[in-house]
Amino acid sequence: MLEAQALHKRYGDTEALRGVSLTVRPGEMFGFVGANGAGKTTTMRIVMGVLEADSGELSWQGQPLTYETRRGFGYMPEERGLYQKMKVAEQVDYFGRLHGMSRPAAKSATDELVERLGLTERRDDTVDSLSLGNQQRVQLAVALVHRPTVLILDEPFSGLDPIAVDALAEALAERCAAGVPVIFSSHQLELVDRLCDSVGIISAGRMVAGGPVEEVRAREGRRLLKVVVRDATPGWADGLPGEVSTENGRHVLLAPDGDDQAILRAAVQAGTVEHFGWQQPTLTEIFREAVA
Amino acid sequence: MSNVWLVARREIAVRGRTKGFLIGLLVSALLVVALAFIPKLLGGNDSYTVGVVGAGSAGFETAVKPLAEAEQAEVAFRKLPDEAAARAALADGDLDAAVLDGTKLLADGEVSQQLGLFLQSAHRALQTEERLRAAGLDPGKVTEAMRVPPLTEVSVSTVAGDAGVRAGIATLIVLVLFFLLISSVTSVAMGVVEEKGSRIVELLLTSIRPWQLLGGKIIGLGALGLVNLLVVIVAGLGASLVTGLATDLPPGITGIAISAVIWFLLGYAFFSAMAAAFGALVSRQEDVSSVLTPMTTLLMATYLVAFYAVTDPSGSVARTLSLIPPFSSMVMPVRMAVGEVQLWEIALAGGLMIVAVVLVLLAGARIYQRAVLRTGARVRLSDVMR
Ligand SMILES: Nc1ncnc2c1ncn2[C@@H]1O[C@H](COP(=O)(O)OP(=O)(O)OP(=O)(O)O)[C@@H](O)[C@H]1O
Ligand SMILES: [Mg+2]
């Protein structure tokens, strides 16, 4: 289990982190979301030891994080960095070796990753001749090559085409299934909703919501009852909770908690009911509310 | 430690196959070879052909022979029927000079200095002998009296060999050391900035320690500099063997070359640690040269005093600076090439330089470690020195 406790960090006058805590269990995919400047990158850099926190604790499997433990982690920094003049496979292999892999182990891991990330044809091209998205695949390969014990990825999906997004999602899911905790930050909330077991929402250096996605949804989100009525008599919903709007000539009622059966009866009397059901809030809605 | 080698190997593999490095290697080797050929081209040739015309010119051959042998030159003589034939041969370049009736010396322009000396000395000897005989002295005695042994050359120091050649070698050492130092050391700084600017350092430092990254880079690029130096030495010595210049090289040239290599390594360690520390302060290649100014100034100063030391190797300035790091890294090899250096001086200079190298490496690694992750604006030295 990877844990961060009450991380604080200030840059001069800006308080970037004001007590950030998070927990990621083995095999859990953790989505880290928050507005620009909320403190995601700062948190991840502190976890990786690239930046020092002013205060706070970090632990992995109950032990304080050390340099040696972190060497086993895989990291994709926000600011991508590769040797531009090095060849793709050569570079992935080099990072494998730097993480302490033997020559044959690094070679086979490189071959496998290059293949699976669709870089086989570009393996002997220098990085600077690749498109941005392909460079990002190399960056990911570099983060994955040494079979990391923990994965920390700062906006790994930005700039990828849908095919690459799927390839990356699959690669991450596979690592997760192998028991590796994965943390990634993203602004693509539908993606986070689709992939993650748990989320953390950070706002202005504080965690404002976090935990398993369903719990967060249940705790933070208000579910809404949605009723769509065709040919409805005007004013039918007066006195009922919620608000009515008109869409394509149909009345749409969105109601917070209330007596759903009473609402259904009123709707049936008012016209033809086309839709009736409870709506789960999307992560985007939860996010908007949490950071508001 | 294995990480240091991994980093060093990468530097060698990547930098070693760049055009810049290969061109530098080729150009420096060619320059040294050219230098070895210049004496042959200018002072040229020490084999001559001299034409002789008329009876009075006889005896030149026997008189010139011992003189030429002493100087390791070759003079061939050719008999010609008359002055016109001599003039034609001179104009065609078949002859270097022609002696006419033992009274005139013909040449196309001026006779080369060495050949002129041979012929004039021979002439003087022949004429003296002739006149003494004419004065009625016993020809046997005259010949006996004329056989004067040359002055024996004895060097008052342990230094052997031509002082001019030694100064030339010292100059060459200064030039080669300077250019190799400045290019290797600049590529260390460029490499540091490249990694910092591209943010790859953030990734690297999650898998290896800063000192391993820095050490590997310094060792790798130093190895390339060393290869370049060895190529220069081999090319230079090889070319001087081919051109025959090698016979003029002073004894102990191997020792001089070895000391140049050792001093190069010490100087490189010193300046590259400085370059890495300064380089780590900036994030953009454009800022490298300005941030390196203090280091380049020191290197230039070392270069200039070393040049001065070539002209006055035993003066007190050269003697003092040959002990003080980092000046010793260039002044000491100069002094060792040009003249006599006491063993204790070498030991002291070496010891002080090693101490300085260790201190600069420690300080450099510390600055590097603190500055290299601070991307963005230029980091102030005072911020990372505390
Ligand atoms: N090197 C720095 N110097 C000064 N302030 C910084 C520095 N790095 C980050 N900050 C500040 O810290 C705060 C958090 O930044 P951080 O990069 O962690 O945000 P983020 O959540 O990753 O944002 P984004 O989604 O834009 O990547 C911001 O207010 C930012 O301005
Ligand atoms: Mg960020």
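Just so it is clear, the structure is predicted and the values come from calculations on it, not from any experiment.

Rules used throughout
In this numbering scheme, every chain counts its residues from 1 along its sequence in written order. Chains carry letters and ligands carry numbers; both start at the beginning, A for chains and 1 for ligands, and go up in the order they are written. Only residues with pLDDT of at least 70 are given local features in this predicted model, and only at 80 or more are side-chain atom pairs given and counted; all residues enter the totals for whole chains, interfaces and linings. By convention in this description, side-chain values take in all heavy atoms of the structure and omit both hydrogens and water. Comment: elements are numbered from the N terminus, with helices defined as DSSP H or I runs of at least four residues and strands as E runs of at least two. In this treatment the radius of gyration is a C-alpha quantity, and the globule benchmark scales as 2.2 Å times the residue count to the 0.38 power. Under the scheme applied here, a residue whose accessible area is under 20% of the maximum for its type counts as buried, over 50% as exposed, and between as partly exposed, the area being computed with a 1.4 Å probe on protein chains only. Working rule for contacts: check all heavy atoms of both residues, and any pair within 4.5 Å makes them a contact. What sets the accessible areas is the Shrake-Rupley method with a 1.4 Å probe; for residues, cover comes only from the shown protein chains. Two aromatic rings, drawn from Phe, Tyr or Trp (for Trp, its six-membered ring), form a pair once their centres lie within 6.5 Å of each other, and the interplanar angle then sorts them: stacked below 30 degrees, edge-to-face above 60, tilted otherwise. In this analysis the charged atom, NZ for Lys or CZ for Arg, is taken to sit over a ring once it is within 6 Å of the ring centre and within 35 degrees of the ring normal. In this analysis a donor is any N, O or S atom within 2.8 Å of a metal ion (3.2 Å for sodium, potassium and calcium), and since water is not included, sites may seem incomplete. An automatic or database domain assignment provides the domain bounds reported here. By buried area we mean how much accessible surface two parts lose on assembly, using a 1.4 Å probe and totalling the loss over both. We define a polar contact as two N or O atoms separated by no more than 3.5 Å, with the added condition that, inside protein, one atom must be a possible hydrogen donor and the other a possible acceptor, whereas residues neighbouring each other in sequence contribute only through side-chain atom pairs. pLDDT is a residue-level measure of predictor confidence that goes from 0 to 100. Only strands joined by at least two bridges in the DSSP assignment are considered to pair. Note on definitions: angles span 0 to 180 degrees between N-to-C directions of axes, and those axes are lines fitted to C-alpha atoms, for helices only across the stretch in contact. Any carboxyl oxygen of Asp or Glu that lies within 4 Å of a side-chain nitrogen of Lys or Arg is treated as forming a salt bridge with it. Charged means Asp, Glu, Lys or Arg here, nonpolar means Ala, Val, Leu, Ile, Met, Phe, Trp, Tyr, Cys or Pro, and polar covers whatever is left, Gly included. Like charges within 9 Å and nonpolar side chains (Val, Leu, Ile, Met, Phe, Trp, Tyr) within 5 Å are joined into patches, using only residues over 30% in relative accessible area that form no salt bridge. Any residue with a heavy atom positioned within 4 Å of a molecule or strand is treated as near that molecule or strand.

(A) Expanded view of the overall build of chain B. Counting its secondary structure elements, chain B contains 16 helices and four strands. Relative to its length of 386 residues, chain B is extended, with a C-alpha radius of gyration of 30 Å against a globular reference of 21 Å. Each principal axis of the C-alpha atoms in chain B carries an extent, and together these give about 100 × 45 × 35 Å. Residue burial in chain B is summarised as follows: out of 386 residues, 45% are buried. A separation threshold of at least 6 residues defines the contact pool for chain B, and within that pool the share at least 24 residues apart is 76%. Total accessible area on chain B stands at roughly 19,500 Å², and carbon and sulfur atoms take up 64% of it.

(B) Structural detail: the environment of Arg206(A). Residue and element names in this part refer to chain A. Within the secondary structure layout, Arg206 lies in strand 10 (residues 206-212). Using a relative accessible area of 45% as the deciding quantity, one classes Arg206 as partly exposed. Residues in contact with Arg206, not counting those within four places in the same chain, are Arg18 and Ile201.

(C) Main features of the packing of aromatic side chains. Within the structure shown, the criterion is met by 10 aromatic pairs over all chains. Centroid distance Phe30(A) to Phe32(A): 6.1 Å. Interplanar angle 50°. Geometry classified as tilted. Take Phe30(A): its relative accessible area is 4%, and that puts it in the buried class. Taking the relative accessible area as the measure of exposure, Phe32(A) reaches 0% and is therefore buried. For the ring pair Tyr303(B) and Phe307(B), a centre distance of 5.4 Å and an interplane angle of 85° mean the geometry is edge-to-face. Here the residue Tyr303(B) and the residue Phe307(B) both occupy positions in helix 12 (residues 293-311), the gap between them amounting to four residues, near one helical turn. For Tyr303(B), a relative accessible area of 13% gives the class buried. According to the relative accessible area criterion, Phe307(B) is partly exposed, its value standing at 28%. Taken together through their ring pairs, the aromatic side chains of Phe178(B), Phe179(B), Tyr303(B) and Phe307(B) make up a single cluster. Here the guanidinium or amino end of Lys9(A) rests over the ring plane of Tyr11(A), the centre of that ring lying 5.6 Å away. Arg10(B) extends its terminal NZ or CZ atom over the ring of Tyr94(A), reaching a point 5.9 Å from the ring centre.

(D) Inspection of the coordination of the magnesium ion (ligand 2) at higher detail. Residues and elements named next belong to chain A. Here the magnesium ion (ligand 2) is held by Thr41 (OG1) and Glu78 (OE), and the distances to it run 1.9 to 2.2 Å. Of the two residues, Thr41 sits in helix 1 (residues 40-48) while Glu78 sits in the loop between strand 6 (74-76) and helix 3 (88-98), which places them 37 residues apart along the sequence. Since its relative accessible area comes to 17%, Thr41 is described here as buried.

(E) A look at the domain arrangement of chain A. Residues and elements named next belong to chain A. Per the domain assignment, the segments making up chain A are domain 1 (2-219) and domain 2 (221-291). For domain 1 and domain 2, the distance between their C-alpha centroids amounts to 41 Å. On the domain 2 side, the residues contacting the 16 residues of domain 1 number 10 residues. Carbon and sulfur atoms make up 72% of the area that domain 1 and domain 2 hide from each other, which totals about 990 Å². When the buried area of domain 1 at its contact with domain 2 is split by residue, Leu189, Ile201 and Arg217 rank highest and sum to 53% of it. At the boundary of domain 1 and domain 2, one finds zero residue pairs in polar contact (both at pLDDT 80 or more).

(F) Spatial organisation of the confidence of the model for chain B. Per-chain confidence: chain B averages 85 in pLDDT, with 93% of residues scoring 70 or above. Scored as a complex, the prediction yields pTM 0.78 and ipTM 0.81.

(G) Here's a closer look at the sheet that holds strand 11 (residues 224-230) of chain A. All names here are of chain A. Taken together, four strands build an open sheet; the order of strands is 12-13-11-14 and the sheet is antiparallel. If you trace the sheet from one side to the other, it starts and ends with strand 12 (243-247) and strand 14 (272-279), each paired once. Taking the axes of each pair of neighbouring strands and ignoring which way they run, one obtains an average angle of 20° across the sheet. Strands strand 11, strand 13 (250-255) and strand 14 of the sheet are contacted by helix 9 (residues 260-270), whose axis makes an angle of about 10° with strand 11.

(H) Geometry of the pattern of salt bridges. Counted under the stated rule, the structure contains 29 salt bridges over all chains. Two residues, Arg122(A) and Asp125(A), come together in a salt bridge whose shortest N-O distance is 2.7 Å. On the accessibility criterion, Asp125(A) (25% relative accessible area) is partly exposed. Here Arg10(B) ties to Glu11(B) by a salt bridge, and the two come within 3.7 Å at their closest N and O atoms. Comparing Arg10(B) with Glu11(B), the two get one shared label, buried. Ionic contacts of the salt-bridge type, sharing partners, join the residues Arg116(A), Glu170(A), Glu174(A) and Arg175(A) into one network.

(I) Up close: the interface of chain A and chain B. At the interface, 25 residues of chain A touch 22 residues of chain B. On the chain A side of the interface with chain B, the three residues burying the most area are Tyr67(A), Tyr83(A) and Leu98(A), jointly 29% of the side's total. Seen at the junction of chain A and chain B, the total is three salt bridges. Between Arg45(A) and Glu202(B) there is a salt bridge; the shortest N-O distance is 3.2 Å. For the pair chain A and chain B, the interface holds nine residue pairs in polar contact (both at pLDDT 80 or more). Top element by residues in the side of chain A that touches chain B is helix 3 of chain A. It accounts for six residues. Residue classes in the side of chain A that touches chain B are distributed as 12 nonpolar, four polar and nine charged.

(J) View of a nonpolar patch on the surface. Residue and element names in this part refer to chain B. Side chains of Ile23, Val27 and Leu31 sit close together on the surface and give an oily, nonpolar patch of about 270 Å² of accessible area. If you trace the backbone, Val27 turns up in helix 2 (residues 19-42). A relative accessible area of 43% places Val27 in the partly exposed class.

(K) Examining the site of ligand 1 more closely. Residues and elements named next belong to chain A. Close to ligand 1 lie 13 residues, the nearest being Gly37, Lys40, Thr41, Thr42 and Glu78. Within the contact set of ligand 1, an oxygen atom lies 2.5 Å away from a side-chain nitrogen or oxygen of Thr42. Protein burial of ligand 1: of its 630 Å² of free accessible surface, 63% is covered by the chains. At three residues, the largest contribution of residues to the shell around ligand 1 is made by helix 1. Looking at side-chain class alone, the shell around ligand 1 contains four nonpolar, six polar and three charged residues.

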